[in-house]
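Architecture and fold: a report
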Amino acid sequence: MHTIHRITASIALSAGTLVAGCSSGFETSGIVLDGDGKPLAKAVVTLFDGISPDFGFSTPVSDDGTFTAGISTAPGIERFRMVTSCDGYHDDERIVYSDDNASHRIVLSRLPAQKDVELNSVGIQVLLDEDSVRFVPDTTAGG
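Let me begin by describing the structure that accompanies this report. (Residues numbered from 1 in each chain as written. Predicted model: local features only at pLDDT ≥ 70, side-chain atom pairs only at ≥ 80, totals over all residues. Heavy atoms only, no water.)

Let's shift gears to the overall build of the protein. Secondary structure summary: the protein contains zero helices and twelve strands in total. Start at the N end of the protein and walk to the C end: the helices and strands fall as β-β-β-β-β-β-β-β-β-β-β-β. Sorting the 143 residues of the protein into buried and exposed places 25% on the buried side. Relative to all contacts within the protein whose residues are 6 or more apart in sequence, the contacts with residues 24 or more apart total 46%. (Helix = DSSP H or I, 4+ residues; strand = E, 2+ residues; numbered from the N terminus. Buried < 20%, exposed > 50% of the residue type's maximum accessible area, 1.4 Å probe, protein only. Contact = heavy atoms within 4.5 Å.)

As structure tokens, this is what we get:
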């Protein structure tokens, strides 16, 4: 893992004042696997800094499951939230620190299988049990 330092000079002239700004960055790496140890190539790793917790930078995982993710931040930020997500799996969320040089091994667990239920506009009432669908007879219609 590397810490990136980038200096960005912003020049603004207002009433004879020169203003300059700096930014730095953070980069981390690792591998994303499923519960069987297979790479999850469709996963995405997103880094959030401590100043803007709702703004992050996302990086797709490569075919072999590895990633290198980075984010530009204000100087002095040392704590980052890393969220790894993949369709059909629980997200992994962890806090990483700028001085942590470890390569992350992220194992995502599969979400429970969801059952498809097709609904129609005929107005048939159904009861959804754990493993079955039962139709409820319409007792309001004469017949």
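In terms of nonpolar packing, the biggest core is built from 18 residues, with Val32, Leu40, Val45, Leu47, Phe67, Met82 and Leu108 touching the most fellow members. Take this core: its biggest share by element is three residues, from strand 7 (residues 66-73). Excluding anything up to four places from it in sequence, leucine 47 contacts Phe26, Thr28, Phe55, Gly56, Phe57, Ala69, Gly70, Ile71, Arg81, Met82 and Val96. (Core = buried A, V, L, I, M, F, W, Y, C linked by side-chain atoms within 4.5 Å.)

Another aspect to go through is the environment of glycine 50. Tracing the backbone shows glycine 50 in the loop between strand 5 (44-49) and strand 6 (56-60). Judged by its relative accessible area of 55%, glycine 50 falls in the exposed class. Each residue touching glycine 50, except ones within four places of it in the same chain, is listed here: Ile77 and Arg79.

Pairing between strand 5 and strand 8 (residues 79-85): six bridges, direction antiparallel. Its bridge partner lying in strand 8, threonine 46 is registered against valine 83. Judged from the six bridges that link them, strand 8 and strand 9 (residues 92-97) form a sheet pairing that is antiparallel. If you follow arginine 79 over to strand 9, its bridge partner there is tyrosine 97. As consecutive antiparallel partners, strand 8 and strand 9 are separated by six residues, and within that stretch glycine 88 has a phi angle of approximately 90°, a positive value. (Pairing = 2+ DSSP bridges.)

With respect to the helices and strands, the residue glutamine 114 is situated in the loop between strand 10 (104-107) and strand 11 (125-128). Among the residues examined, glutamine 114 registers a relative accessible area of 72% and is labelled exposed. For glutamine 114 and glycine 88, which are 26 residues apart along the polypeptide, the C-alpha to C-alpha distance reads 9.7 Å.

This model, assessed by the stated rule, comprises two salt bridges. The partner of glutamate 93 in a salt bridge is arginine 81, and the shortest N-O contact between them spans 3.5 Å. Within this pair, whereas glutamate 93 is found in strand 9, its partner arginine 81 is found in strand 8, the two being separated by twelve residues in sequence. The partner of arginine 94 in a salt bridge is aspartate 92, with the nearest N and O atoms 2.8 Å apart. (Salt bridge = Lys/Arg side-chain N within 4 Å of Asp/Glu carboxyl O.)

Tracing the backbone through its elements, the reader meets aspartate 34 in the loop between strand 4 (23-33) and strand 5. The side chain of aspartate 34 sits in the buried core without any salt bridge; arginine 110 is the nearest counter-charge, 5.3 Å away. At 2.9 Å, the side chain of aspartate 34 forms a polar contact with the backbone nitrogen of aspartate 36. Those residues in contact with aspartate 34, other than ones at most four positions away along the chain, are Leu40, Tyr89, Val107 and Leu108. (Lys, Arg positive; Asp, Glu negative; His and termini not counted. Polar contact = N/O pair within 3.5 Å; in protein donor to acceptor, adjacent residues only side chain to side chain.)

Function cannot be inferred from these measures alone, as they are strictly geometric.
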